[in-house]
Amino acid sequence: MDFLQPSSLADAIAARAEFPGAMPIAGGTDVMVEINFDTRRPEALLDLNRVSELTTWQLSDGTVRLGAGVTYTRLIAELGGLLPGLAMAARTVGSPQIRNRGTIGGNLGAASPAGDCHPVLLAAGASVEAASVRGSRMIPVAGFFTGPKRSVLAADELITSVLVPAAAGPQQFAKIGTRNAMVIAVCAFALELRPPAVGTGIGSAGPTPLRAPAAEEFLAGALAESGLWECPACLPDQVAQRFGELVAAAARPIDDVRGTAAYRRHALSVLARRTLGWAWDSYRAGDGASRCG
């Protein structure tokens, strides 16, 4: 197996074009496990650890551009204020060692339906920047995944960054696993309240990460019709209940070793109601209170 180690983004993109069968690797938290278990045997590894352009982030015009090499640990330490949902999701990933090595670009590149960052990126309306010798393009996260561990990336493309709107309101993330830590999610849910809209993301309950558009439209409409966006009061129980039902209905789960489809739908309904309660309490105590004032 060949080992390629470019020192600049331009060199990395050129190497990707010359060796389309090479597997990009940064943290290696997924790739090395697959190689060690002989479930993947790429013809070459394209090590991106020396590409400094991939390890920075910037805030511009309300959008955070995250380099693909930004680690989970840095998401937690540096971006909890701008992207609280993403920081919450990063805290649930693996162990400290995994969080120190694993990256946002690697999470997307693996394209697992259970990727912890994916629901938050969907809820926030993020986009993926992919580059090749042919140029670069922006891909909405909602259109990035095509199936389990499959994406729209071409063979010569590299993920260079993720563009995420800075939080315009409360964000929440929650997941359920077969134990409390270092576990693949049985299901996960992310929520963002960005008046007058709502964003959602479902993980590990379909062939790809999913949104719940009907749930988003229902909740945004219910809050608008009742005037709760402008002057937030206690959220009616029936609104939270219906929101949870619509989130569960949007899932496309299967039975597997981690849980049944029926359990995943039930759990998603519970997670949706809980995250909505937490987010709504935050909204009432923050921006919502100032609007009503």
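Up top you'll find the structure we're talking about.
Residues numbered from 1 in each chain as written. Predicted model: local features only at pLDDT ≥ 70, side-chain atom pairs only at ≥ 80, totals over all residues. Heavy atoms only, no water.

Chemist: What's the story with the packing of helix H8 (residues 213-225) against helix H9 (residues 237-250) in this structure? I'm lost.
Modeler: When two helices pack together, their arrangement is captured by the angle between the axes and the distance separating the axes. Following both chains from N to C, one finds H8 and H9 inclined at 165 degrees, their axes separated by 8 Å at the closest point. Relative to H9, the element H8 is oriented roughly antiparallel. Between H8 and H9 lies a crossing of right-handed hand. Taken together, the residues of H9 that come into contact with H8 (itself represented by Ala 214, Ala 215, Phe 218, Leu 219 and Ala 222) are Val 239, Arg 242, Phe 243, Leu 246 and Val 247. Each residue belonging to the contact of H8 with H9 can be placed in one class, and the counts come to 9 nonpolar, no polar and 1 charged. (Axes fitted to C-alpha atoms, helices over the stretch in contact; angles between N-to-C directions. Helix = DSSP H or I, 4+ residues; strand = E, 2+ residues; numbered from the N terminus. Parallel < 35°, antiparallel > 145°, perpendicular 65-115°, else oblique. Left-handed = near helix turned anticlockwise from the far one by under 90°. Contact = heavy atoms within 4.5 Å. Nonpolar A, V, L, I, M, F, W, Y, C, P; charged D, E, K, R; others polar.)

Chemist: Looking at this structure, I do not really get the packing of H9 against helix H10 (residues 261-285). What am I missing?
Modeler: Where H9 meets H10, the closest approach of the two axes is 8 Å, and the angle between their N-to-C directions is 140 degrees. With respect to H10, the axis of H9 lies oblique. Regarding H9 and H10, the two cross each other, and that crossing is right-handed. Touching Ala 240, Gln 241, Phe 243, Gly 244, Glu 245, Val 247 and Ala 248 of H9 are Arg 265, Leu 268, Ser 269, Ala 272, Arg 273 and Leu 276, all from H10. Its residues placed into classes, the contact of H9 with H10 shows 7 nonpolar, 3 polar and 3 charged.

Chemist: Looking at this structure, I do not really get the sheet that holds strand E1 (residues 2-4). What am I missing?
Modeler: Sheet strands pair by backbone hydrogen bonding; their relative direction is either parallel or antiparallel. Here 3 strands make up an open sheet; going across it, the order is E1-E3-E2 and the pairing parallel. With partners counted over all chains shown, the strands left at the sheet margins are E1 and strand E2 (22-25), one partner each. Ignoring which end each strand starts from, the neighbouring axes of this sheet average 25 degrees apart. As judged from the 3 bridges shared by E1 and strand E3 (residues 44-47), these two strands associate in the parallel manner. Bridge assignment links Asp 2 to a residue of E3, and that residue is Ala 44. Where helix H1 (residues 9-18) meets the sheet, its contacts fall on E1, E2 and E3, and the angle it forms with E3 comes to roughly 165 degrees. (Pairing = 2+ DSSP bridges.)

Chemist: I'm lost on the environment of Arg 264 in this one. Help?
Modeler: Within the secondary structure, Arg 264 sits in helix H10. Residue classification places Arg 264 among the buried positions, given a relative accessible area of 2%. As a C-alpha pair, Arg 264 and Ala 124 span 140 residues in sequence and 23 Å in three-dimensional space. What Arg 264 contacts, discounting residues up to four positions off in sequence, is Val 186, Cys 187, Ser 204, Ala 205, Pro 253, Ile 254, Asp 256, Arg 258 and Gly 259. At 3.0 Å, the side chain of Arg 264 and the backbone oxygen of Ser 204 are in polar contact. (Buried < 20%, exposed > 50% of the residue type's maximum accessible area, 1.4 Å probe, protein only. Polar contact = N/O pair within 3.5 Å; in protein donor to acceptor, adjacent residues only side chain to side chain.)

Chemist: Explanation requested: helix H4 (residues 84-91) in the structure shown.
Modeler: Think of an α-helix as turning once every 3.6 residues; residues three or four places apart then point the same way. Residues of H4 that are buried include every one of Gly 85, Leu 86, Ala 87, Ala 89 and Ala 90, and no others. On its buried face, H4 is in contact with strand E5 (63-67), helix H3 (72-79), helix H5 (96-101), helix H6 (104-110), helix H7 (118-124) and strand E11 (171-176).

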